[in-house]
Structure formats: C-alpha cells, structure tokens
Number of protein chains: 2
Amino acid sequence: MSPLLEELIQALRCLPGVGAKSAQRMAFHLLDRDRTAARRLAEKLIEASERIGRCTRCRTFTEAPVCALCASSSRDPQQLCVVETSADLYALEQATGYRGLYFVLHGRLSPLDGRGPREIGLDHLAQRLAEGEVRELIVATNPTVEGEATAHYLSEIARAADVGVTRIAHGVPVGGELEYIDRNTLAHAFNGRTRVG
Amino acid sequence: MSPLLEELIQALRCLPGVGAKSAQRMAFHLLDRDRTAARRLAEKLIEASERIGRCTRCRTFTEAPVCALCASSSRDPQQLCVVETSADLYALEQATGYRGLYFVLHGRLSPLDGRGPREIGLDHLAQRLAEGEVRELIVATNPTVEGEATAHYLSEIARAADVGVTRIAHGVPVGGELEYIDRNTLAHAFNGRTRVG
C-alpha cells in the first residue's frame, strides 16, 4: 500500500470506534468518491481544534467566551445541572424539557489518574455557588464508582454553600424488562422505590 | 450546540458508516482528548486528497506515477488479476500468496449509472493485453449481477487478445455451515463442484 495511504488510514484510527478495517474502508471511500468532503472535514477539524474552547460559565465546548445556553435569558439561573461531559449535556437537552443551566466537569474524580477536584473544575463550581443565585444543584454524573464518588463530593460542595441537591433517578430503563436487567440496577430500583398512592 | 461544533459533526458524517450519534461521539472525543490527532488527521486528509492519484499501469491508488506493486521486479507480469476496487486488491494481497500483477477497475459496468467500459478503464486494459506480456487474466470481480456482467465483458476482451481467462472460485465460505448458506451460493457451489479423487 502507498505510504501516504497508510498514513491516512493510521490517522483515521484516532477516531473512537474505528479499527484497521473501518479506517481502510473510510480512506478508500473518501479517495474514490468524495475528496471534496475529505477537504471540508479537514478544514473543520483544524478550525474546531483551534477555535473551540470552553465556556467560561459552564465549561461546555464553545467557540464563544460564553456558550449560547449560559448567554440565554430564557433559562432559569436558579437550577444548575452538573454533568460529566458535553455529550451528556446535549443528551439531557434533547431528552428533557429542563430550562435551567448546566455545569460540565469534563471527567469525574479519579485520583489515580491525577484527576482531582481542581482538574474537573470543582473550585470553579464552588465559586459559582458562592455567587448565591443557584438554589438547586442537580447531580447527573454517571452511576459508576467514580461517578458516585464525584456525586458525593458535589453534594458536600452544595451543602457548604447552602444549596439544595437533587440526583437524577437510577432504576429500570423505560422499555426494559425486569428479567433482563442487571442485579445492581434492579437492587437500586427496588431500594429506591417511590410512593405512588 | 455551538455552530462550529455542529459543522464538525456534520463534516464527520461524510465517513461511511458514521451516523449522527457516532459523529457526535467522534467530535467530543477529539476535542476533549486528542486535538493533536485531529490536526494530524486533517493534514493527512488534505495531503491524500491532493497527492494520491492512480497508478498509470494498474490504476490503484498511489501518490507515485507507478505503484510499488507494478514497479516491483519480483512480480510475475504474465498474470494479471482484475479487481473492482483497491480495497479488493489489498484483501487479495493480504490473504493469498499471489505473485502476479493487478488491474483495478474502480467500479463495475453499470450502464444505468453511466459507467461503461471506458469509465472502468477497459480500453486501458485492452491496450495492456495487446502488449502481449500477459498470459492469464484472473477475473476477481464480485459475484453480483453487475460484477458478473463485468466478468463476462472481461472474458471477451481477453479472448480477443488471445489471453487465457480464469475466475476465482465462488462457493461455500471456509468455516461456513451449509445449513446457513443462502440458496444462490449453495446452488453455485453445488454446480461448480470439482473432482477430488
């Protein structure tokens, strides 16, 4: 295979979920049918790498100093939802009717990997809560061990600032069948049952 | 979502097999963890789009006038294997011990899509056979309707140039179980049975 083609295939493998075979398929597809799209993708990759930074308020990805969500006057500044990633933020925006604001950690507490409170912006979050506007901190970290530890830490920060804390519900997924749900989730759903009548 | 981020996600969708969800995941991954890789990918996309052309002998992708295979003195110029795509060429190179040369059509005959003999380089192939060096034309087009039509056309070109024609075998895949093989393949394998004793 030509050296340049090998290099392109190797470079494509930086994309998550793309192995040797898919990368080869992508390279041939672009060269064969769509060099214009390949060039446009290259331009966007460079432009995004250089210009997209983090919102100074919520830390989500944006090319502006403050993102559109934080700049919006129609969102309720008394509610602040904490998520691990920008992808989680967009998932919540698409699925829920939430009208408050967000705070993006870009990770979770993981001391062994050198990610402490400062690395995930918790000092920044504490300052934000100290401003006194936020009334409810909605914790939406993932239900993993590290996500739970982060959630615990977030609760403490909120209590120190006298801000109410809520947590999104964990339980049986809608459309899931009890029989096929893993034991942890089922135990969590059972213990977290709510009164309906 | 920020406009530039939307544009990057949209641009990533030019890759085959990448839908809205994967494109979003790729964009976040690159921005979050690997902007250096994103820039390297961008460079390779531009370099490959601009510099990779087709080998003047076999038409495979290469940045040189003649590809490494065609330029090699250790390959047998009497055997010429015709494949539909460069991907097929590499698949054969990786799987077989074939030591002859290749000819890449970059497609197959498909008059309805405006792909006639000239578009897939058959005039070029006829010239090549007229040079008199090739003794065996190995047809390795795909066993689809259009691939079969192309194979038929290739046989005629070879016969006109008095070159022997062979076809790669089609039948039950190695490791496949008869019970689960589609009817066409099974009929083909049965009719194409070979004598073993």
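Only a predicted model underlies this, so the values are computations on that prediction, with no experimental measurement involved.

Cut-offs and rules
- Residues numbered from 1 in each chain as written.
- Chains lettered and ligands numbered in written order.
- Predicted model: local features only at pLDDT ≥ 70, side-chain atom pairs only at ≥ 80, totals over all residues.
- Heavy atoms only, no water.
- Contact = heavy atoms within 4.5 Å.
- Buried area = accessible area lost by both parts, 1.4 Å probe.
- Salt bridge = Lys/Arg side-chain N within 4 Å of Asp/Glu carboxyl O.
- Helix = DSSP H or I, 4+ residues; strand = E, 2+ residues; numbered from the N terminus.
- Domains from an automatic or database assignment.
- Axes fitted to C-alpha atoms, helices over the stretch in contact; angles between N-to-C directions.
- Parallel < 35°, antiparallel > 145°, perpendicular 65-115°, else oblique.
- Left-handed = near helix turned anticlockwise from the far one by under 90°.
- Nonpolar A, V, L, I, M, F, W, Y, C, P; charged D, E, K, R; others polar.
- Phe/Tyr/Trp six-rings, centres within 6.5 Å; stacked < 30°, edge-to-face > 60°.
- Pairing = 2+ DSSP bridges.
- Core = buried A, V, L, I, M, F, W, Y, C linked by side-chain atoms within 4.5 Å.
- Buried < 20%, exposed > 50% of the residue type's maximum accessible area, 1.4 Å probe, protein only.
- Least-squares fit on C-alpha atoms with pLDDT ≥ 70 in both.
- 1 Å grid on protein atoms, 1.4 Å probe; cavity = no way out; pocket = protein on both sides within 12 Å on 5 of 7 lines; lining within 4 Å.
- Points joined across faces, edges and corners; volume = space filled by probe spheres on them.

Description of the interface of chain B and chain A
Across the boundary between the two partners, chain B contributes 46 residues, which contact 46 residues of chain A. Taken over both partners, the interface formed by chain B and chain A buries close to 4700 Å², and the fraction arising from carbon and sulfur atoms is 71%. Summed over the three residues of chain B that lose the most area to chain A, namely Leu4(B), Pro16(B) and Phe61(B), the buried surface amounts to 14% of that side. The tally of links from chain B across to chain A stands at 4 salt bridges. Among the salt bridges present, the one from Asp32(B) reaches Arg54(A), with a minimum N-O distance of 3.9 Å. Contributing elements (two or more residues each) for the side of chain B that touches chain A: helix H1 (3–12), helix H2 (20–33), helix H3 (35–51), strand E2 (61–62) and helix H5 (86–95) of chain B.

Description of the domain arrangement of chain A
Under the domain assignment, chain A is made up of domain 1 (3–51) and domain 2 (54–167). Computed from C-alpha coordinates alone, the two centres of domain 1 of chain A and domain 2 of chain A are separated by 33 Å.

Comments concerning the packing of helix H1 (residues 3–12) of chain A against helix H2 (residues 20–33) of chain A
Think of two packed helices as two axes; the pair is described by the angle between the axes and how far apart they sit. Residues and elements named next belong to chain A. Where H1 contacts H2, the two axes come as close as 8 Å, and the packing angle between them is 120°. Overall, the two elements H1 and H2 adopt an arrangement that is oblique. Judged by the sense of rotation from one axis to the other, the crossing of H1 with H2 is right-handed. Counting all contacts with H1, which are made through Leu5, Leu8, Ile9 and Leu12, the residues of H2 involved are Ala20, Ala23, Gln24, Met26, Ala27, Phe28 and Leu31. The residue makeup of the contact of H1 with H2, split by class, is 10 nonpolar, 1 polar and no charged.

Things to note about the packing of aromatic side chains
Overall, the coordinates contain 6 aromatic pairs over all chains when judged by the stated rule. Here the aromatic rings of Phe61(A) and Phe28(B) are separated by 6.0 Å at their centres, their planes lie at 20°, and the arrangement is stacked. You can see Phe61(A) sitting in strand E2 (residues 61–62) and its partner Phe28(B) sitting in helix H2, one on each of two chains. Ring-pair connections join several aromatic residues into one group, and the members of that group are Phe28(A), Phe61(B) and Tyr90(B).

Some points on the sheet that holds strand E4 (residues 100–104) of chain B
Residues and elements named next belong to chain B. With respect to topology, 4 strands assemble into an open sheet ordered E4-E3-E5-E6, the strand pairing being parallel. Each end of this open sheet is capped by a strand with a single partner; those strands are E4 and strand E6 (164–167). Within this sheet the neighbouring strands show an average axis-to-axis angle of 25°, counted without direction. Here 4 bridges tie strand E3 (residues 76–83) to strand E5 (residues 136–139), and the two strands are oriented parallel to one another. Looking at the pairing, Gln79 lines up with Glu136 of E5. Of the strands in this sheet, E3 and E4 touch H5, which is tilted by about 160° from E4.

Focus on the nonpolar core
Generally speaking, nonpolar side chains in soluble globular proteins are found buried as a group. In terms of nonpolar packing, the biggest core is built from 75 residues, with Leu15(A) and Leu15(B) touching the most fellow members. If we ignore the near neighbours within four places in the chain, the residues touching Leu15(B) are Leu12(A), Leu15(A), Met26(A), Leu30(A) and Leu41(A).

Here's the deal with the relation of the copies chain B and chain A
In the superposition of chain B on chain A (RMSD 0.1 Å, axial shift 0.0 Å), the rotation amounts to 180°. The superposition of one copy onto the other is thereby described by a two-fold rotation axis. Among all C-alpha atoms of chain B, that of Ala42(B) lies closest to the rotation axis, at 2.0 Å. A shared binding surface is used by both copies, with 100% of the interface residues of chain B retained as interface residues in chain A.

Brief notes about the layout of surface pockets
There is about 560 Å³ of room inside the largest pocket. Considering the residues around the largest pocket, the lining is formed by 21 residues, among which Phe28(A), Asp32(A), Arg33(A), Thr85(B) and Ala87(B) are closest to the centre. Looking at the lining of the largest pocket, the elements that each hand over two or more residues are H2 of chain A together with H5 of chain B. Of the residues belonging to the lining of the largest pocket, the class tally is 5 nonpolar, 7 polar and 9 charged. By volume, the second largest pocket is sized at about 320 Å³. Thr85(A), Ala87(A), Arg25(B), Phe28(B) and His29(B) are, among the 16 residues lining the second largest pocket, the residues nearest its centre.

Section: the pattern of salt bridges
Tallying each qualifying case throughout the model produces 20 salt bridges over all chains. Residue Glu7(A) is joined to Lys44(B) by a salt bridge in which the shortest nitrogen-to-oxygen separation is 2.5 Å. Of the two residues, Glu7(A) is situated in helix H1 and Lys44(B) in helix H3; the pairing between them involves two chains. Assessed through its relative accessible area of 15%, Lys44(B) is described here as buried. Between Glu47(B) and Lys44(B) there is a salt bridge, and its shortest N-O distance comes to 3.2 Å.

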